[in-house]
Amino acid sequence: MQIPKENVAVKVKSVKKVLLGRVVVVGLAVAIQLSWLLWMLLRFSLEYSILNVLFQVVGTAPALYIINQWSNPAYKIVWTFVILLFPVVGVTIYFVFGRSKLTKKTRERMERMHKEVAPHLPRHQELEDEIYQKSKSVGRQSKYIADWSDFPVYTNTSMRYYSCGEKMFPDMLADLEQAEHFIFLEYFIIAEGRMFDEILKILRRKVAQGVDVRLIYDDFGCVTTLPSKFFLTLQEMGIQCEVFNKLRPAMSIIMNNRDHRKIFVVDGKVGYTGGLNLADEYINEHERFGYWKDTGVRLEGEAVWSFTLMFLEMWNYIRHSTEDYEAYRPSVYQTRPFVADGYIQPYGDSPLDQEKVGENIYMNIIGHARDYVYIFTPYLILDNEMLTYLRNAAKRGVDVRIVTPDIPDKRVVFWMSQSYYQRLLECGIRIYQYTPGFIHAKSFVCDDRIATVGSVNMDYRSLYLHFECGVWMYQSSVVEQVKQDSLDTIARSREITADMCRNHSWLKRVVLSVLRLIAPLV
């Protein structure tokens with residue numbers, strides 16, 4: 001059977017696009033640099049036997065350094081193991097990719113930006129006192145967020161919960177159409193297609209109307225979805241656009257740190273966050289891994305101020321600029337009172353310091369749970385602390401249920417998640433896999449009173465290396481909606497049993513053990 005020439009041409013063009021794409025070019029460049037460095041080290045070690053002894057010493061010193069760092073134990077163990085087993089390779093890779101801290105120059109600049117923004121986030125002591133009087137444990141959770149992320153708790157904010165992207169998308173478009181003053185968008189992934197195309201049409205109209213439109217996207221997140229100079233295309237349309245941490249064909253530790261946040265702000269009074277990026281699979285316009293289950297929230301009111309400042313802090317860090325922050329407060333363009341719906345506390349997390357705000361919020365919820373905790377997460381790659389909190393909650397009788405995907409987006413990461421199942425199941429934790437497809441949601445709901453929805457996955461990258469955000473809420477109507485969505489989703493999922501885990505072949509058991517060891521590096 002003869003293949004039509006036009007089909008052959010299309011296939012050849014597709015292959016060329018992949019081979020000449022940024023992923024291949026950058027990956028190849030880094031691989032060449034790393035290979036050359038390792039080859040030189042190995043060559044000298046073979047020719048000069050004294051270097052073998054030197055490499056053992058060189059390997060021991062970084063191992064001692066790593067062990068004495070105030071960082072995650074699992075992260076330290078795996079790097080120590082690799083360095084002591086393969087001194088030349090291990091030390092080289094660690095100093096190129098292993099250090100999770102940002103460069104000194106980057107940290108200093110980001111610290112300056114945060115110090116500039118922090119005075120515009122005053123604490124609301126009366127609200128903190130109200131929560132504390134209602135519940136000391138909840139009050140302490142809220143206080144932790146304010147103390148360690150600098151983002152206060154608010155009332156005078158209404159919320160709307162979305163159980164899937166296709167329900168959230170029409171409201172996002174409607175709010176963009178209503179914009180009169182400014183639009184701020186910050187996303188990890190943007191892909192050309194119906195979702196972003198419709199948003200882009202509105203953005204272009206709003207620019208023509210004089211609206212201040214700004215967009216930030218992560219270069220690594222968009223490496224396979226956007227052209228390398230896409231920000232220039234948007235700038236030509238009048239949209240102010242910046243790229244976080246541009247991907248370069250060079251070995252660099254800063255490539256570890258990505259902007260994984262999802263922030264959408266209109267006129268300072270309406271905001272969205274959650275798991276949704278701006279790509280068609282998030283609204284099930286395009287099927288990749290079965291049905292794509294995601295969640296998000298819409299805020300209207302005073303709490304949007306925190307998301308506005310999160311965006312402006314990142315924007316001014318990238319641009320080396322500053323602004324009159326007070327000009328973007330919700331009250332500037334809203335004269336009537338906002339509707340209150342419980343206590344709302346947006347938060348941000350950063351690899352800038354050693355405080356893992358996203359993980360600690362999760363662990364505070366688990367640690368103070370009395371009756372139940374229901375969790376949605378696409379990845380279940382746990383450090384020892386999170387594993388201990390989950391197991392202890394179940395041991396004291398809390399109904400802990402976790403929903404993960406049944407159709408994975410990354411097979412290796414899926415197996416890593418499964419490697420934790422047996423340890424969780426043996427304590428009474430119930431684990432479900434979402435059979436319609438891939439669950440990308442990141443949400444917790446606890447005891448009919450607390451919930452959080454945001455961008456924070458339960459894996460090492462989200463908890464230790466990425467910029468993240470979310471919304472913590474107490475006594476909001478959204479809490480019940482998250483609970484009901486959890487129960488509905490569990491009903492459409494298959495429960496994993498201990499027998500399923502015990503029936504793994506010996507080969508898969510070995511593979512899972514190795515994957516669990518290297519999980520902190522993925």
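Here is a short report on the structure shown in this document. (Residues numbered from 1 in each chain as written. Predicted model: local features only at pLDDT ≥ 70, side-chain atom pairs only at ≥ 80, totals over all residues. Heavy atoms only, no water.)

## Quick notes on the overall build of the chain
Keep this limit in mind: Elements are defined by DSSP. Helices are runs of H or I of four residues or more, strands are runs of E of two residues or more, and each kind is numbered from the N terminus. Under the scheme applied here, a residue whose accessible area is under 20% of the maximum for its type counts as buried, over 50% as exposed, and between as partly exposed, the area being computed with a 1.4 Å probe on protein chains only. Whether two residues are in contact is decided by their heavy atoms, any of which lying within 4.5 Å being enough. The protein chains shown are the only cover counted for residues, whose accessible areas, like all others here, come from Shrake-Rupley with a 1.4 Å probe.
In terms of regular secondary structure, the chain is built from 20 helices and 17 strands. Relative to its 522 residues, the chain shows a buried fraction of 56%. Restricting the contact set of the chain to residue pairs at least 6 apart, pairs at least 24 apart contribute 81%. Accessible surface computed for the chain: about 23,000 Å², of which carbon and sulfur atoms make up 57%.

## Remarks on the packing of aromatic side chains
We describe a pair of aromatic rings using the distance from one ring centre to the other and the angle between the two ring planes. Condition: The criterion for an aromatic pair is that two Phe, Tyr or Trp rings (for Trp, the six-membered ring) have centres within 6.5 Å, with stacked assigned to planes under 30 degrees apart, edge-to-face to planes over 60 apart and tilted to the rest.
All chains considered together, the criterion is met by 20 aromatic pairs. Ring geometry for Phe184 and Phe311: centres 4.6 Å apart, planes at 5°, overall stacked. Taken together, the positions of Phe184 in strand β2 (residues 182-187) and Phe311 in helix α12 (residues 304-319) put the pair 127 residues apart, joining distant regions of the chain. Residue Phe184 shares its accessibility class with Phe311, and that shared class is buried. Each ring, one from Phe244 and one from Phe467, has its centre 5.5 Å from the other, and the planes form 75°; the classification is edge-to-face.

## As for the packing of helix α13 (residues 357-368) against helix α14 (residues 384-395)
What counts here: To obtain each axis, a line is fitted to C-alpha atoms, and for helices this fit is confined to the stretch in contact; angles are then taken between N-to-C directions over 0 to 180 degrees. An angle counts as roughly parallel when it lies under 35 degrees, as roughly antiparallel when it exceeds 145, as roughly perpendicular when it falls between 65 and 115, and as oblique in every other case. Less than a right angle of anticlockwise turn of the near helix away from the far helix marks a crossing as left-handed, whereas a clockwise turn marks it as right-handed. Throughout this entry, Asp, Glu, Lys and Arg are counted as charged residues, while Ala, Val, Leu, Ile, Met, Phe, Trp, Tyr, Cys and Pro are counted as nonpolar. The remaining residues, Gly among them, count as polar.
Look at α13 against α14: their axes get within 9 Å of each other, and the N-to-C directions meet at 15°. Classed by the angle they form, the pair α13 and α14 counts as roughly parallel. As α13 packs across α14, the resulting crossing turns out to be left-handed. Between α13 and α14, the residues in contact are Glu359, Tyr362, Met363, Ile366 and Gly367 and Glu385, Met386, Tyr389, Leu390 and Ala393, respectively. Here the residues of the contact of α13 with α14 are counted per class, giving seven nonpolar, one polar and two charged.

## Things to note about empty space enclosed by the protein
Defined as follows: Cavities and pockets are defined on a 1 Å grid built over the protein atoms alone: a cavity is a set of grid points where a 1.4 Å probe fits but cannot escape, while a pocket is an open set with protein on both sides within 12 Å along at least five of seven lines, and lining residues are those with an atom within 4 Å of any such point. Grid points are joined across faces, edges and corners, and a volume is the space filled by probe spheres set on the points.
Within this structure, the stated rule accounts for two cavities of 30 Å³ or more. Put simply, the parts of the chain that give the lining of the largest cavity at least two residues each are β11 (399-405) and α15 (411-418). With three residues, α15 is the single largest residue contributor to the lining of the largest cavity. In the lining of the largest cavity, the residues fall into eight nonpolar, two polar and two charged. What lines the second largest cavity is Glu359, Ile381, Leu382, Asp383, Met386, Asp459, Tyr460, Leu463 and Tyr464. Its residues placed into classes, the lining of the second largest cavity shows six nonpolar, no polar and three charged.

## Considerations on the pairing of strand β16 (residues 468-474)
For the record, the criterion: Two strands qualify as a pair provided DSSP detects at least 2 bridges between them.
Within β16, seven of the seven residues are buried, which leaves it mostly tucked inside the rest of the structure. Alternating residues of β16 divide into Glu468, Gly470, Trp472 and Tyr474 and Cys469, Val471 and Met473, and every residue in both groups is buried. Pairing geometry for strand β9 (residues 343-349) and β16, over seven bridges, is antiparallel. Residue pairing in the sheet places Ile344 in a bridge with Met473 of β16. When strand β15 (residues 450-454) meets β16, the two strands line up antiparallel, connected through five bridges.

Any link to function would need more than the numbers given here.
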